Amino acid sequence: MSRRTVYMDHSATTPVREEVVEAMLPFYHELFGNPSSIHAPGRTVRRAVEEAREKTALALGAEPGEIFFTAGGTESNNITLRGAAKKRGEPGHIITSSIEHHAVLDVCSELAAEGHRVTFLPVDQYGRVSIDQLQEAITPDTFLISIMAANNEIGTLQPISAIGEVARERKILFHTDAVQIAGQLPIDLKKLNVDFLSLSAHKFNGPKGIGALYVRKGAKVTPLYSGGGQERKLRPGTENVPGIVGLSRAMELAVAEIKDKKKRLEALRYKMITGLMAIDETILNGHPEERLPNNVNVSFKHVEGEAVLLSLDLEGIAASSGSACSSGSLDPSHVLRAIGLDHPTAHGSIRFSLGWGNTEEDVDYLLEVIPRVVNNLRRISPTYRTNGSRKE
Amino acid sequence: MSRRTVYMDHSATTPVREEVVEAMLPFYHELFGNPSSIHAPGRTVRRAVEEAREKTALALGAEPGEIFFTAGGTESNNITLRGAAKKRGEPGHIITSSIEHHAVLDVCSELAAEGHRVTFLPVDQYGRVSIDQLQEAITPDTFLISIMAANNEIGTLQPISAIGEVARERKILFHTDAVQIAGQLPIDLKKLNVDFLSLSAHKFNGPKGIGALYVRKGAKVTPLYSGGGQERKLRPGTENVPGIVGLSRAMELAVAEIKDKKKRLEALRYKMITGLMAIDETILNGHPEERLPNNVNVSFKHVEGEAVLLSLDLEGIAASSGSACSSGSLDPSHVLRAIGLDHPTAHGSIRFSLGWGNTEEDVDYLLEVIPRVVNNLRRISPTYRTNGSRKE
Amino acid sequence: MYNEKVVEHFCNPRNVGELLEADAIGENGSFKCGDTMKIYLKIKDDRIEDIRFQTYGCGAAIASSSMLTEMVKGLTIDDALKITNQDVADQLGGLPPLKLHCSNLAADALHNAIENFRNGKVHGESA
Amino acid sequence: MYNEKVVEHFCNPRNVGELLEADAIGENGSFKCGDTMKIYLKIKDDRIEDIRFQTYGCGAAIASSSMLTEMVKGLTIDDALKITNQDVADQLGGLPPLKLHCSNLAADALHNAIENFRNGKVHGESA
Ligand SMILES: Cc1ncc(COP(=O)(O)O)c(C=O)c1O
Ligand SMILES: Cc1ncc(COP(=O)(O)O)c(C=O)c1O
């Protein structure tokens, strides 16, 4: 057994906070009614759902009528992109970035296969898109721009506000995948020109299987599913009431604590990056400043990421190499390739994502363990010494 | 306050059982990992998800590889119907019934608008489709038959086994919406020729927002969403782990108790129907025998359903007029019209759906309250006496 | 769903029934939701002396029928004609948007009764 | 994900490093996952007297490298050539399906080393 258990994979998912579970529990048993039912047990639950919608809207600077509950970030992204394309009907042009989550990237590829044109904007070495390149990419039939607010692997923040201005000026719908930023950094939809915004509760200490989609008043997509009229037909199906309540409670808590948490995590992040960079032949991936407060992504040269993860796991430390979803895959992540990493460097990348519950002791423990782990693996590596690095 | 609270709307939704909540709770906090993560917290959760899949498969006579978790019955239906149409690519012919849930019916109408041909089979006065009419409807390009196992309003069971034989013989995919039957009556997919089967946990004392889709080995649909590779790409997105665990536990409990529950509910149902039919000008909707053990649907002539519901609600009794989803609508339900009810009779229909927790005392209470409720409303009704019925 | 006042009128509807010697009878029906209403008037010196109603309909329809009869009892028929469906709904403290049209039965049936009375008939064409 | 035996070999890999006076060196790399492996052999009377490896790769790659060196140490090169990637995986008690190809490095690198030896070279073309 490891001496300590340290979870540093909060970008993959987070524990649900006690307060959130408590808020949800009544809706499993006492308040279990179907919000569509007109009897008292149904009406009580309808009120709870609408209160949750109000809370969620408030936390984002939106109107309650602009919030739609979905089953998660993947669904919110799919509803927006496929729904906008379906609404348009005829082929058109979509602009996205080359470092989106698969739930945007793969939808775009499919839409391209269905006849739309898609521009995958390149990013710089830090993972940022360029406003100039965005401007240049726009054509008269561009109907949708989808650029994530923060990247899930390297934590880089995009210039959402500037992108929104371009989109408004050119009268193009703008969607942002805010799954990683929601609950981490303030979002004020009154100030941003965002037409659609996706988020997922389990990334900010809420439950899995529930998400939300913000749809600016007046912006429209054609729903993908049919059924009962729930969520004003945008996402029919009996509402996941405990999930909805949990999402709104988690959102409320996260937003209330956002400043403190940001400060705390940024301090931990600084300490971690400083400690990790002391290991030779280690590079920091992503933007030095414009990054999520909780994201640390480094590449240890001469070692393979999975082997590092496995070693860390045996020491009780949970981290990730690239996105959790791509861990099953063998190719190095599209994000790391897009920022220009060569294969071995991309393969040696590890994402540590901090969150609620992480302490300075966790960071100390990691920094104690990691040099040994990297060293042990480098000792085995055929490339370490031939690269002119220190001999055994 | 009413003297008693009696929930008789289990077809709309059900309370989650204590055992189910208990099974789910660990997965909010201690076991919160992302099943796609390769570290220990992720792997433990992956095991739980796969165990849940095995349990669910076992309860249905399926293989674990044939079970896919979704966000509910609506999604399972949409994935199957739209996914089968997407897979086919070119226009073809679909056969369904005229009394399906909106999550099948409306998808079929949309597919028709997109160029497919759809036959909506009529039903007899009890709500049953005819095998002969099914046979006749089949054309060389029929690629999908979707007939629900049990109707959500009138409880009528369809001859699924016979439909499956026809489908197999003619080499047509067969989907059944089993949302109302799952957990109520045994399902053995080894014996039924069903290619796709939809179910939703909240209808059998599991949580809302989680469902399953059975896909027979070899049967294929094109996924509607893209993203991470979860649920073998059929339904990407971080798994709703507590939901999945809850669904499988609820399924396990329901199946273990299915015989006893059926006997118990059928006895209550018999008592209720007998009691309700003693009220004059009352008719039973649905099939006298081939119906869900928990379903009672009656029409009280000369009164309007919503007014009855409201009166019952004030007495603490929760029931429904037609499906919960259509309660927001003003048109009489398509199901009641399809079985030939005239407008006023359809408008006077009430569905009582029994379930876990209902007792004989509940039924006694209902039977004590209902004659008064119906009588009070008939006293106000302009049609009651002019119909040759008893004067005040 | 409904406010307390609506529920109270639904539970204890005023002026229910027929007037056997009515001076005018009005009817109105909604094809959309199947509701029907009948209003019976006793009129003396152009003033509504007595009123009764019968309604087949939902909670909103019944409550607004009851409320209307309360509102117009004792009014002159001219004043009664000024009462709109919206007035009835307002007097009930509001109705759910989806249910507003159900409350439209009542005033319309009253108007129909008064029209019949002015045309010198008890029943309208449809009766 | 990995069984105990795999984890044990990953944590304590046997025969790690270089042999400065190797009789043959074999190499193998997977373009797909970027893994690379180097095998150093000391051969006497057609028998593998000593063996070392270096691996850049995932847990499965490292564990199977370690296991292979254990399996072939002391064997004649003829017998060593009979060892397949599957044998290594089996000896480890199995590997996750997705990781099977990572374990393919090891035996292939050994075969490459033996081939070089038979061709009278220490290094192959690529070195
Ligand atoms: C940026 C981003 N978008 C979308 C998703 C998908 O969210 P979910 O898995 O909750 O559907 C994720 C997380 O996996 C993400 O990090
Ligand atoms: C027969 C039937 N199919 C599908 C559904 C939809 O299920 P859900 O609301 O869980 O998506 C329901 C319940 O509303 C139903 O009764």
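It should be emphasised that the depicted structure is a prediction, and the values quoted were computed from it without experimental measurement. (Residues numbered from 1 in each chain as written. Chains lettered and ligands numbered in written order. Predicted model: local features only at pLDDT ≥ 70, side-chain atom pairs only at ≥ 80, totals over all residues. Heavy atoms only, no water.)

Caption draft 1: Expanded view of the sheet that holds strand β1 (residues 24-29) of chain D. All names here are of chain D. Reading across from one edge, β1-β2-β3 is the order of the 3 strands in this open sheet, with antiparallel pairing throughout. The sheet is open, and its two edges are formed by β1 and β3 (47-56), each paired on a single side. Within the sheet, the average angular offset between the axes of one strand and its neighbour, ignoring direction, is 15°. Examined bridge by bridge, β1 and strand β2 (residues 36-44) share 6 bridges and lie antiparallel to one another. (Pairing = 2+ DSSP bridges. Helix = DSSP H or I, 4+ residues; strand = E, 2+ residues; numbered from the N terminus. Axes fitted to C-alpha atoms, helices over the stretch in contact; angles between N-to-C directions.)

Caption draft 2: Structural view of the relation of the copies chain B and chain A. Here chain B sits on chain A after a turn of 180° about the axis and a move of 0.0 Å along it, with an RMSD of 0.0 Å. Classification of the inter-copy transformation places it as that of a two-fold axis. Of the C-alpha atoms belonging to chain B, the one lying closest to the rotation axis is found on A71 of chain B, 3.2 Å away. Of the interface residues in chain B, 100% have counterparts in chain A that sit at the interface too, so the contact is made through matching surfaces. (Least-squares fit on C-alpha atoms with pLDDT ≥ 70 in both. Contact = heavy atoms within 4.5 Å.)

Caption draft 3: Geometry of the packing of aromatic side chains. Under the criterion given, the structure shown has 3 aromatic pairs over all chains. With a centroid separation of 4.6 Å and an interplanar angle of 75°, the aromatic rings of F32 of chain A and Y7 of chain B are classed as edge-to-face. Residue F32 of chain A is located in the loop between α1 (18-24) and α2 (40-60), and its partner Y7 of chain B is located in strand β1 (residues 6-7); the two belong to separate chains. Taken as a pair, F32 of chain A and Y7 of chain B share a single burial class, namely buried. (Phe/Tyr/Trp six-rings, centres within 6.5 Å; stacked < 30°, edge-to-face > 60°. Buried < 20%, exposed > 50% of the residue type's maximum accessible area, 1.4 Å probe, protein only.)

Caption draft 4: How the structure looks around the site of ligand 2. Close to ligand 2 lie 15 residues, the nearest being T238 of chain A together with T74, D177, S200 and K203 of chain B. Positioned at a junction of chains, ligand 2 has nearby residues supplied by chains A and B. Between H101 of chain B and ligand 2, the recorded distance is 3.3 Å, taken from a side-chain N or O atom to an oxygen atom. Contact distances for ligand 2 include 2.9 Å between an oxygen atom and a side-chain N or O atom of H202 of chain B. Protein chains shield 97% of the accessible area of ligand 2, which is 390 Å² for the free molecule. (Near = heavy atom within 4 Å. Polar contact = N/O pair within 3.5 Å; in protein donor to acceptor, adjacent residues only side chain to side chain. Areas by Shrake-Rupley, 256 points an atom, 1.4 Å probe, with all protein chains shown as cover.)

Caption draft 5: The arrangement of the interface of chain B and chain A in detail. The partner chain A presents 62 residues to the 62 residues of chain B that form the contact. Put simply, chain B and chain A have 6 salt bridges between them. With a shortest N-O distance of 3.8 Å, R235 of chain A and E75 of chain B are connected by a salt bridge. Applying the counting criterion to the chain B and chain A interface returns 30 residue pairs in polar contact (both at pLDDT 80 or more). Sorting the residues of the side of chain B that touches chain A by element identifies α1 (18-24), α2 (40-60), α3 (73-88), α4 (102-113) and α9 (305-314) of chain B as the ones contributing at least two each. (Salt bridge = Lys/Arg side-chain N within 4 Å of Asp/Glu carboxyl O.)

Caption draft 6: α3 of chain B, seen in detail. Helix length check: α3 of chain B, at 16 residues, gives a terminal C-alpha distance of 22 Å against a target of 22 Å (1.5 Å per residue), a fit within 8%. Within α3 of chain B, 13 of the 16 residues are buried, which leaves it mostly tucked inside the rest of the structure. (Expected span 1.5 Å × (residues − 1).)

Caption draft 7: Inspection of the site of ligand 1 at higher detail. Neighbouring ligand 1 are 15 residues; T74, D177, S200 and K203 of chain A together with T238 of chain B lie closest to it. The residues that come close to ligand 1 belong to more than one chain, namely chains A and B. Between ligand 1 and the protein, one listed contact pairs an oxygen atom with a side-chain N or O atom of S200 of chain A at 2.6 Å. Contact between ligand 1 and H202 of chain A: an oxygen atom at 2.9 Å from a side-chain N or O atom of the residue.

Caption draft 8: Spotlight on the pairing of strand β2 (residues 36-44) of chain C. As paired elements, β2 of chain C and strand β3 (residues 47-56) of chain C share 9 bridges and run antiparallel to each other. Each bridged residue has a counterpart across the sheet, and for Y40 of chain C the counterpart in β3 of chain C is R52 of chain C.

Caption draft 9: Spatial organisation of the confidence of the model for chain A. For chain A, the mean per-residue pLDDT works out to 94, and 96% of the residues sit at or above 70. Counting interchain partners and residues more than four positions distant, the pLDDT-below-50 stretch residues 387-392 of chain A has 10 contacts. (pLDDT = per-residue confidence, 0-100.)

Caption draft 10: The arrangement of the packing of helix α9 (residues 305-314) of chain A against helix α12 (residues 360-380) of chain A in detail. All names here are of chain A. Put simply, α9 and α12 touch, their axes get as near as 10 Å, and they point 135° apart. For the element pair α9 / α12, the angle class is oblique. In this structure, the crossing between α9 and α12 has a hand that is right-handed. Of the residues in α12, those touching α9 at A307, V308, S311 and L312 are L366, V369, I370, V373 and L377. For the contact of α9 with α12, a count of residues per class yields 8 nonpolar, 1 polar and no charged. (Parallel < 35°, antiparallel > 145°, perpendicular 65-115°, else oblique. Left-handed = near helix turned anticlockwise from the far one by under 90°. Nonpolar A, V, L, I, M, F, W, Y, C, P; charged D, E, K, R; others polar.)

Caption draft 11: Molecular detail of the domain arrangement of chain A. Residues and elements named next belong to chain A. Each domain of chain A was delimited in the assignment, giving domain 1 (6-14 + 258-379) and domain 2 (18-254). Centre-to-centre, using C-alpha coordinates, domain 1 lies 27 Å away from domain 2. Listed as interface residues are 31 residues of domain 1 and, on the opposing side, 33 residues of domain 2. Taken together, the two surfaces of domain 1 and domain 2 that pack against each other cover about 2700 Å², and 54% of this comes from carbon and sulfur. Per-residue buried area on domain 1 facing domain 2 is highest for I258, L292 and H334; these three make up 23% of the total on that side. Between the two partners, domain 1 and domain 2, sit 1 salt bridge. Counting the contacts that link domain 1 with domain 2 gives 17 residue pairs in polar contact (both at pLDDT 80 or more). Broken down by secondary-structure element, the contributors of at least two residues to the side of domain 1 that touches domain 2 are α8 (258-277), β10 (295-300) and α10 (334-338). (Domains from an automatic or database assignment. Buried area = accessible area lost by both parts, 1.4 Å probe.)

Caption draft 12: Focus on the confidence of the model for chain C. With 95% of its residues at a pLDDT of 70 or more, chain C has an overall mean of 90. With pTM at 0.95, the complex prediction returns an ipTM value of 0.94.

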